Amino acid sequence: MPTEPFQSNPLRDGLNLRSIPDPCSLIIFGASGDLTHRKLVPALYNLAADGALPQAISVVGFARRDKTSEVFRKELGEAVRKFSRQAVNDELWENFSNSITYHRSEFDNPEGYVSLARHLEELDAARGTRGNRLFYLAVAPDQFEVILENLRKSGLNTAAPGSWARVIVEKPFGTDLPSARRLNDLVESAFDESQTYRIDHYLGKETAQNIMVMRFANAIFEAMWNSRYIDHVQITASEPLGVEGRAGYYDKSGALRDMVQNHLLQLLCLTAMEPPAGLDADSIRDEKVKVLRSLRPLAGDEVFRHVVRAQYGAGAVNGKRVAAYRDELNVNPESNTETFVALEVNVDNWRWAGVPFFIRVGKRLPKGGTEIAVQFKSVPPVLFRATGETVDDNVLVIRIQPDEGISLRMCAKMPGSSLRIEPVKMDFHYGTSFGKATPEAYERLLLDAMSGDATLFARRDEVEEAWKFIDLIHEAWRTRSNDLAIYSAGSWGPSEADELIKRHEATWRRL
Ligand code: BG6
């Protein structure tokens, strides 16, 4: 098994920023695809614009379609103009795009990998990329096997002494535990864990990274971060969009696999984990795995009491009529795939015993937004009772997106001669406090993979533990189908989700 040479780079330890990564080649499999155009190349351009890329870099698009490097660069130029976070400077783009080449090959043709190796050597000589290779699998999972096998056979998975080879694997990382294990074994047959970077783009979001800083750099929060003071936690990811041409994938996946197994369980881990022993990747990931291992399994009838699944019917979102999920292009008209799921999760450990985590995610909801709301317990109902005033509970809201920031709801006395109590908000906005735009998740993640920092990537055991929890829910769902509720597009989901949280004498927050 090839192992990575030790890179002494103290500035890039764990979450620390920022030194310029080593010169390297980034090879994107699936270079004609949507991800490359919408996310990867715009992220690279923005890194280039911020001066964050290595001095020597080459980007090689590997795909099946026949085209020249010039045509490829032109297509990417159009995509960057459309999707870049910052306005595109033509000269800078021209400059950066000189580093891009196109390598045409079928994924299963060994010759294509031999010629890729030659091409990379030429680039090393011409551009000074020093034999460092970062392979990005931006392809459908059914292509992983053939690509990994060919990378291994061609020796591209092993780096020359003093250089490195790494692989970035995109989600979905399996569809259940057995398939995730197979996939992990497959990746491991070519790259060991220290070379493997499993993308969960939520971990690259600035506010997700801030959860740890907020919790562990502020004494006031951490002291109260437990079952003594916290009543429950709500984690919501709401999208007005529907399946947007991805029905082929989504109809087989559903919201639980698409969002909960990865992104939302990751947010839960960051919220619930113990302070790590250090900021290095493994110390942080060790703590996240402990949370996943502490999740109370939901199985059999428990699933129907603690999990609500639903699908959108026709309705209106932002004043626009939209079709029912079953009428979307390429969706099975009898599909039982959930586009919404709400669940109550319990973390059975010392800190969180008795504090439910409510997770809610859905498509075609009225508003887009992701947040973690920590709902504190009520004060004893004695002192202000006689005044007849309502004392609202404290809520700390971590807004992952949009309008990234943190707000704290607390009670204050209204000015005046009588005692009137009103809830007020202390609000921190990233945008105004730091006065600079938040980088896109893919910018951070690409840079970290180039720098050999795996902190914001999922480790094998994290992925597998998360599937263990999710698989039991699917197992129960397979025994019934009459529990699938239908909600109108543009509503906040089915009434069953409201009932779920009402049992805890709580209501969902309106975003
Ligand atoms: C992806 C899911 O991983 O995350 C999509 O496959 C979802 O269905 C997307 O829309 C949400 O990401 P973001 O960054 O827009 O919240």
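Counting starts from 1 at the beginning of each chain's written sequence and moves along it residue by residue. The model is predicted, so local features are restricted to residues of pLDDT at least 70 and side-chain atom pairs to those at 80 or more, both for listing and for counting; the totals for chains, interfaces and linings are taken over all residues. Hydrogens are left out, water is left out, and the side-chain values use all remaining heavy atoms of the structure.

## Brief notes about the site of the ligand
Then, in step 1: All residues adjacent to the ligand are Lys-171, His-201, Tyr-202, Lys-205, Glu-239, Arg-246, Asp-258, Met-259, His-263, Lys-363 and Gln-401.
Then, in step 2: Any pair of N or O atoms that falls within 3.5 Å is considered a polar contact. Within protein, one atom must be able to donate a hydrogen and the other to accept it, and sequence-neighbouring residues count only if both atoms are side-chain atoms. Asp-258 is positioned such that a nitrogen or oxygen atom in its side chain is 2.6 Å from an oxygen atom of the ligand.
Then, in step 3: One of the side-chain N or O atoms of His-263 is found 2.7 Å from an oxygen atom in the ligand.
Then, in step 4: All accessible-area figures derive from a Shrake-Rupley calculation using a 1.4 Å probe, and residue coverage is judged against the displayed protein chains alone. Coverage of the ligand by the protein amounts to 77% of the 400 Å² it exposes when considered alone.
Then, in step 5: Counting residues per element, the shell around the ligand draws most heavily on helix α10 (residues 255–272), at three residues. A cutoff of 4 Å decides nearness: a residue is near a molecule or strand if any of its heavy atoms lies inside that distance of it. Helix and strand definitions here come from DSSP, where helices need a minimum of 4 consecutive H or I residues and strands a minimum of 2 consecutive E residues; each element is numbered from the N-terminal end.

## Observations regarding the side chain of Gln-261
Then, in step 1: Mapping Gln-261 onto the fold places it in helix α10.
Then, in step 2: Given the relative accessible area of 8%, Gln-261 is considered buried.
Then, in step 3: Within the local environment of Gln-261, its side chain forms a polar contact with the backbone oxygen of Val-463, the two atoms lying 3.4 Å apart.
Then, in step 4: The contact criterion used throughout is that any non-hydrogen atoms of two residues lie within 4.5 Å. Those residues in contact with Gln-261 that sit more than four places away from it in its chain are Leu-256, Val-463, Ala-466, Trp-467 and Ile-470. Per-residue accessibility, obtained with a 1.4 Å probe over protein chains only, is compared with the maximum for each type, and a residue is labelled buried under 20%, exposed over 50%, and partly exposed between these values.

## Let's talk about the confidence of the model for the protein
Then, in step 1: For the protein, the average pLDDT comes to 93, and 96% of its residues sit at 70 or higher.
Then, in step 2: pLDDT expresses how confident the predictor is about each individual residue, on a scale running from 0 to 100. Segment residues 1–17 is flagged for pLDDT under 50; beyond a separation of four residues in sequence, or across chains, it makes 48 contacts in the model.

## Focus: the packing of helix α5 (residues 144–153) against helix α6 (residues 177–190)
Then, in step 1: Angular values range over 0 to 180 degrees, each being the angle between N-to-C directions of two axes fitted as lines to C-alpha atoms, with helices fitted over their stretch in contact. One can describe the packing of α5 onto α6 by two numbers: an axis separation of 8 Å at closest approach and a directional angle of 20°. The angle between the axes of α5 and α6 places the two elements in the roughly parallel class. At the point where α5 passes α6, the crossing takes the left-handed sense. Where α5 approaches α6, its residues Phe-144, Glu-145, Leu-148 and Arg-152 are matched on the opposing element by Leu-183, Leu-186, Val-187, Ser-189 and Ala-190.
Then, in step 2: Across the contact of α5 with α6, the residue classes tally to six nonpolar, one polar and two charged. For classification, angles of less than 35 degrees are called roughly parallel, those exceeding 145 degrees roughly antiparallel, those between 65 and 115 degrees roughly perpendicular, and all remaining angles oblique. In this scheme the handedness of a crossing depends on how the near helix is turned from the far one: anticlockwise by less than a right angle means left-handed, clockwise means right-handed. Three classes are used, and their members are as follows: Ala, Val, Leu, Ile, Met, Phe, Trp, Tyr, Cys and Pro are nonpolar, Asp, Glu, Lys and Arg are charged, and the others, Gly among them, are polar.

## Quick word on unusual backbone geometry
Then, in step 1: The step from Lys-171 to Pro-172 runs through a cis peptide bond, and the omega angle for that step is 5°.
Then, in step 2: Structurally, Pro-172 is set in the loop between β5 (165–169) and α6.
Then, in step 3: Residue Gln-401 is joined to Pro-402 through a cis peptide bond whose omega torsion reads -15°.
Then, in step 4: Residue position: Pro-402 is located in the loop between β14 (395–401) and β15 (405–413).
Then, in step 5: A positive phi angle is found at Glu-244, which is not glycine, with a value near 50°.
Then, in step 6: Assignment of secondary structure puts Glu-244 in the loop between β7 (230–238) and α9 (247–253).

## Considering the sheet that holds strand β3 (residues 100–104)
Strand pairing within a sheet occurs via backbone hydrogen bonds; the two strands may be parallel or antiparallel.
Then, in step 1: Any two strands with at least two DSSP-identified bridges between them are counted as paired. The strand order across the open sheet built from six strands is β3-β2-β1-β4-β5-β6, with neighbouring strands paired in parallel fashion. In the strand order of this sheet, the two ends are held by β3 and β6 (196–198), each with one partner. Each strand axis lies, on average, 20° off the axis of its neighbour in the sheet, ignoring direction.
Then, in step 2: Where strand β2 (residues 57–63) lies against β3, five bridges are found, and the strand directions are parallel. In the strand pairing of β3, Ala-63 is matched with Arg-104.

## Re the pattern of salt bridges
Then, in step 1: The term salt bridge refers to a pairing of a side-chain nitrogen on Lys or Arg with a carboxyl oxygen on Asp or Glu at a separation within 4 Å. For the structure on display, the rule yields 40 salt bridges.
Then, in step 2: Across the pair Arg-399 and Asp-427 runs a salt bridge, and its minimum N-O distance is 3.1 Å. Here the residue Arg-399 occupies a position in strand β14, and Asp-427 occupies one in strand β16 (residues 421–429), the gap between them amounting to 28 residues.
Then, in step 3: We classify Arg-399 as buried; its relative accessible area is 12%.
Then, in step 4: Put simply, Arg-181, Asp-185, Glu-188, Arg-460 and Glu-464 are held in one network by salt bridges that share partners.

## Comments concerning the sheet that holds strand β8 (residues 307–313)
Then, in step 1: Pairing in this open sheet of nine strands is mixed, and the strands run β16-β15-β14-β13-β7-β12-β11-β8-β17 from one edge to the other. Either end of the sheet is taken by a strand with one partner, and the two such strands are β16 and β17 (485–488). Sheet twist, expressed as the mean angle between neighbouring strand axes with direction ignored, is 20°.
Then, in step 2: In this structure, β15 lies alongside β16, joined through nine bridges in antiparallel fashion.

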